[in-house]
Amino acid sequence: MAKHRGRGVATINYPIGMNLGGDPSQALVHSNPSGKFTVALSSIDLGQGMKSVTRQICAETLGVPVEDVYVDTADSDTGPHCMGSFASRGTHRVGNAVMTAAREARAVMMEAAAEELEVDPGDLETDGKGSIRVKGAPHRSISVRDVAIAAQFRQGKTISGRGIFLVPLSDVDPETGEMSPATCYAHACLIAEVEVDDETGDVTVLKMTSAYEIGRAINPKLVEQQLVGGSWMGMSHALYETPEPYYPDTRDGPRDFNEYLMPGPGDICPHDILVLERPAPDGPFGAKGPGEMCANPVLPAVANAVFNAVGVRINDLPITPEKVLRALKARGGASTHGRAR
Amino acid sequence: MLEFRKDIFADERDDNLIEIGQPTQRQDILGHVTGTSPYYDDHRFANLLHLKILRSPHAHARIRSIDDSAAARAPGVKRIIRAADVPVNLNTLLSLIQFGKDDEPSLASDFVRYKGEPILGIVASSERAALEALALVRVDYDQLPAVFDVEEALKPGAPSVNATYPKNTFEYYGKYDHQKLRFGEVEAAFKEADIVVEDRYQMSPIEHAPTETNGSIAVPDTNGRLIVYTSTQALFFSLDTSAKINAIQSNQLHFIGGTVGGGFGGKVDTLTEPLVILAARLIGAPVRYRFSRHEEMQYGSPRGAERIYVKDGIMKDGRIVARKVRAYFDSGAYTRLSSYAVVKCVAHIPGPYTIPNVHADVYCVFTNRTPATAMRGFGVTALDFALECQMDKLAVAVGMDPLEFRILNSYRDGDMKAHRREAKNCALIECAQVAAEKANWPIRDEFRRMSSRQGGGPARTGGGADRTRAPAIAPAVAPPTAVPQRVAYERPAAAAAPPSPPPRSASPPPPAAPSSGSTHGAPRFSSVFGTRRR
């Protein structure tokens, strides 16, 4: 009886947004007379950081500090239509809508600034710190606040913008499955290292190493939150969770967290994550969406690592100690025959 | 630990940005860490009433009679909500985008098709009073045979689960019981393959396990409208679904949500809003309907189970020449969103690899269990599990390193995918290379030099014909070295791409013109509510 170590790998990609196009989201952006901007959305922040991602996209596009933008979500009377927060669509779809709306608002803001400075709008640039200045002559500048006051009380302009993002719709061919399911894909490779106890059947994940290509990390901390949380969920799917432990038999379903198995803090393992950015041509600043895909590679990587450790293939999830022990028994014990590394 | 590899694809990026790429603190973090962010259930109302639901104890039964007379007289009970009270009782979620037929009642009246199916609701002055009244309802059932296994459900003589789809499968394009994928000639390629590997994979259902269970509160407004505080993941999806079921105009509803205690796909189904709105309208008072943890775990839709058969043909040099997939999505008793996941799954086959011959049949199957729904990675997670376990077995079968084997077969810019679109913006090879380097997983030089941006092209799939005769990758002779690739990531010109064979046929036959005009199994997911877009 012994503990055996093994490593397994998986490589995956993931489509961004709802399948087959359409999938619209709208955004409205406007300034108050102090030059502070509000983004109105009906999108949902599930904890993934929708408000923060769209806030940074709006600030970058407007050319104002992020503190001067506030994102208001999910009121059907004030927020324009959004399909919802799912399908890894938030950053890409809503981000694009916000970018479009912010561009329109920025154009008005620059026109109003040009009128105040008596120059051509094309000669102006934002400094990202709350001012608009003449290119090459930074001493000739005006604050966004003064521009907003002038637009509201003197010029009669609305510094506001509307944005919608809609992917061209596509059909599925019923005979061949020909279709245009998505416009961009995120990518990942994950290596899991496990230890398998051939006496108890317990599988412990010791370490994960991964690389995720996500187009552009709008906010690296939010990306980290998704990738770390997602790998925990993937590990939980691989080894612990199901409301039907003997599927398709429906018996012994859990009713609460005492009965529903999930890994606890002590089961979390170190995870080295590398982030690559190959911008999506149609993503906001190239961004795709890391939300869903980060759970996916963990399941097969763990299963492959179990094989590498003890030589048994578990094809049915979750990989419980019971399944490992039964497979080891059928095999006549652990083997490292499959170990290639 | 998270670190960036900015050196890779640097030539495709503008990194001169101010706010993008900053680890800016979340706008809502103070509320979250101080416990003051308002979730739907943080809104307080005087005289709030509580809706609780009577659920079927049987997986499949005919309802002979319901006697709720004692419940109606129980202390605190304000109103009993029955199937006959629901203006549009039969609905399917994706009817909002014209996909599928209405197949699921808000409240069952004649049959129950899964254990936990809602039968009636009781609105009372407290949750306790509602639960005690529920215990007084007497329902007389005729139990019926039930089916729980997806393949059993497809056999002749299996119990019919869903009255709208009596054959236990969702109907695609008005004529098929599954979604097809056809690319190249898979059977011919199996005959020419050196090795064929076949296996069966099973994903069990998964509970979303959000911290906040599903719920909503409906409050009559002063102007005839209703304000609805909700945990939904999709505000307008839930609003339009609720308007349809209640047969009211969408502008009679004012939905407020936006901060949700975890969703993961389990809060799209609009499980509580339609009935809580109905109750508030019937009574004229604020009503709350929230799932208990038990309801969330057993009767809130889970990630559905999937059974996936994969058969692959490979050559001794490691090239995959054929992949055939047959998969069954367990939708439970009703459709909800599983029909959509099937199409997404088919689009994902054969995974991020360039394979010249691909064939798939994927079924959305009805069984007598809690209806399944979306969850993180919908339509893809279980398939990735099956395909990536299969990739490992293939690597063992040809004696290759599993990572090198994946890099060899990885899709590249310009390759033709099985759904007949050109691969672009690929980065799988680069992910594999840097992960291998970080994990000290040795891969040979030529695999370290490969690139998603070089060596791809439609000829790699013979333009849809097979490439079983393609010359192998240049023989691996270079010993592993430890040259780090930290910088620039420029590679020598592609030495490694397998030279392309002359395609056997110039191009795949053009696909038949997409069907149009079918009412159900719409060929597209038009996201514009109420209109079919062409």
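Keep in mind that what you see is a predicted model, and the values were worked out from it rather than measured.

Criteria and cut-off values
Residues numbered from 1 in each chain as written. Chains lettered and ligands numbered in written order. Predicted model: local features only at pLDDT ≥ 70, side-chain atom pairs only at ≥ 80, totals over all residues. Heavy atoms only, no water. Helix = DSSP H or I, 4+ residues; strand = E, 2+ residues; numbered from the N terminus. Buried < 20%, exposed > 50% of the residue type's maximum accessible area, 1.4 Å probe, protein only. Polar contact = N/O pair within 3.5 Å; in protein donor to acceptor, adjacent residues only side chain to side chain. Contact = heavy atoms within 4.5 Å. Core = buried A, V, L, I, M, F, W, Y, C linked by side-chain atoms within 4.5 Å. Buried area = accessible area lost by both parts, 1.4 Å probe. Salt bridge = Lys/Arg side-chain N within 4 Å of Asp/Glu carboxyl O. Nonpolar A, V, L, I, M, F, W, Y, C, P; charged D, E, K, R; others polar. Pairing = 2+ DSSP bridges. Axes fitted to C-alpha atoms, helices over the stretch in contact; angles between N-to-C directions. Left-handed = near helix turned anticlockwise from the far one by under 90°. Phe/Tyr/Trp six-rings, centres within 6.5 Å; stacked < 30°, edge-to-face > 60°. Lys NZ or Arg CZ within 6 Å of the ring centre and 35° of its normal.

K.L.:
What is the right way to look at the side chain of Asp330(B) in this model?
P.N.:
Here Asp330(B) shows up in strand E17 (residues 320-332). Classification of Asp330(B) by relative accessible area gives buried; the value is 3%. Among the polar contacts made by the side chain of Asp330(B), one reaches the side chain of Tyr247(A) at a distance of 2.6 Å. In this structure the side chain of Asp330(B) is engaged in a polar contact, spanning 2.7 Å, whose partner is the side chain of Thr367(B). Once residues within four sequence positions are removed from consideration, Asp330(B) is found in contact with Tyr247(A), Phe148(B), Val150(B), Gly304(B), Ala305(B), Val365(B), Thr367(B), Arg369(B) and Ala372(B).

K.L.:
I keep staring at the nonpolar core and nothing clicks. Help me out?
P.N.:
The biggest cluster of nonpolar side chains holds 158 residues, and the ones touching the most others in it are Val194(A), Tyr212(A), Val302(A), Tyr172(B), Val325(B), Ile349(B) and Leu403(B). Sort the elements by how many residues they give to this core and helix H10 (residues 381-398) of chain B lands first, with 10 residues. Those residues in contact with Tyr172(B) that sit more than four places away from it in its chain are Phe99(B), Asp177(B), His178(B), Gln179(B), Ser339(B), Val342(B), Val343(B) and Cys364(B). Of all hydrophobic cores here, the second largest spans 49 residues; its members include Ala59(A), Val108(A), Phe285(A) and Leu17(B).

K.L.:
It is not clear to me how the interface of chain B and chain A should be interpreted in this structure. Could you clarify?
P.N.:
Accessible area lost when the parts come together is the quantity often used to give the size of an interface. With 134 residues of chain B in contact, the opposing surface of chain A contributes 136 residues. Counting the surface lost from both chain B and chain A, the interface buries some 11,500 Å², and carbon and sulfur atoms represent 57% of this. On the surface where chain B and chain A come into contact, there are 11 salt bridges. Between Lys6(B) and Glu277(A) there is a salt bridge, with its nearest N and O atoms 2.8 Å apart. At the surface where chain B touches chain A, the tally comes to 72 residue pairs in polar contact (both at pLDDT 80 or more). A breakdown of the residues in the side of chain B that touches chain A according to their chemical character gives 66 nonpolar, 28 polar and 40 charged. Looking at chain direction, strand E11 (residues 271-276) of chain A and strand E1 (residues 2-4) of chain B are connected through 3 bridges and run parallel. By the bridge assignment, Ile273(A) is partnered in E1(B) with Leu2(B).

K.L.:
Help me out: how do you make sense of the packing of helix H5 (residues 298-310) of chain A against H10(B) in this one?
P.N.:
The axes of two packed helices give the description: the angle between them and the distance between them. It is at 8 Å that the axes of H5(A) and H10(B) come closest, and there the two elements cross at 35°. Between H5(A) and H10(B) the crossing geometry is right-handed. Touching Leu299(A), Pro300(A), Ala303(A), Asn304(A) and Phe307(A) of H5(A) are Thr381(B), Asp384(B), Phe385(B), Glu388(B), Cys389(B), Asp392(B) and Val396(B), all from H10(B). A per-class count over the contact of H5(A) with H10(B) returns 7 nonpolar, 2 polar and 3 charged.

K.L.:
For this particular structure, what's the right way to read the packing of aromatic side chains?
P.N.:
How two aromatic rings sit relative to each other is given by the distance of their centres and the angle of their planes. Using the criterion set out here, one finds 13 aromatic pairs over all chains in the structure. With centroids separated by 5.6 Å and ring planes inclined at 45°, the aromatic side chains of Phe45(B) and Tyr229(B) adopt a geometry described as tilted. Taken as a pair, Phe45(B) in the loop between helix H1 (29-33) and strand E2 (49-55) and Tyr229(B) in strand E13 (residues 226-230) lie far apart in primary sequence, 184 residues in all. Each ring, one from Tyr172(B) and one from Tyr173(B), has its centre 6.2 Å from the other, and the planes form 45°; the classification is tilted. By the burial criterion, Tyr172(B) is buried, and Tyr173(B) matches it. Ring pairing ties together the aromatic residues Phe99(B), Tyr165(B), Phe170(B), Tyr172(B), Tyr173(B) and Phe366(B), which thus form one cluster. Over the aromatic face of Tyr176(B) sits the side chain of Lys180(B), whose NZ or CZ is 4.4 Å from the ring centroid. Between Lys417(B) and the ring centre of Tyr185(A), over which it is positioned, the NZ or CZ distance is 3.6 Å.

K.L.:
Honestly, the sheet that holds E13(B) in this entry has me stumped. Any pointers?
P.N.:
Strand pairs in the sheet, formed through backbone hydrogen bonds, run parallel or antiparallel to each other. Residues and elements named next belong to chain B. One open sheet holds the 7 strands; their spatial order is E4-E8-E2-E15-E12-E13-E14, and the pairing between them is mixed. Looking along the sheet, the strands with just one partner apiece sit at the ends: strand E4 (77-81) and strand E14 (253-256). The average angle at which neighbouring strand axes cross in this sheet is 25°, direction not considered. Sheet topology places E13 next to E14; 4 bridges connect them, and they run parallel. Bridge pairing in E14 places Val228 opposite Phe255.

K.L.:
Would you explain the sheet that holds strand E6 (residues 131-134) of chain A in this entry?
P.N.:
Residues and elements named next belong to chain A. Judged by pairing direction, the sheet is antiparallel, and its 3 strands sit side by side in the order E5-E6-E7 without closing on themselves. Each end of this open sheet is capped by a strand with a single partner; those strands are strand E5 (124-126) and strand E7 (137-143). Each adjacent strand pair in this sheet contributes to an overall mean axis angle of 35°, direction not counted. For E5 and E6, the ladder comprises 3 bridges, and the chain directions are antiparallel. Across the sheet, the residue bridging to Glu125 is Arg133, located in E6. The strands that helix H2 (residues 90-117) touches are E5, E6 and E7; relative to E5, the one it contacts most, it runs at about 125°.

K.L.:
Explain helix H9 (residues 338-348) of chain B here, please?
P.N.:
Count 3.6 residues to each turn of an α-helix, and residues three or four apart come out pointing the same way. With respect to burial, H9(B) is a largely interior element, 11 of its 11 residues being buried. Next to the buried residues of H9(B) lie strand E1 (3-15) of chain A together with strand E10 (179-183), E17, strand E18 (358-366) and H10 of chain B.

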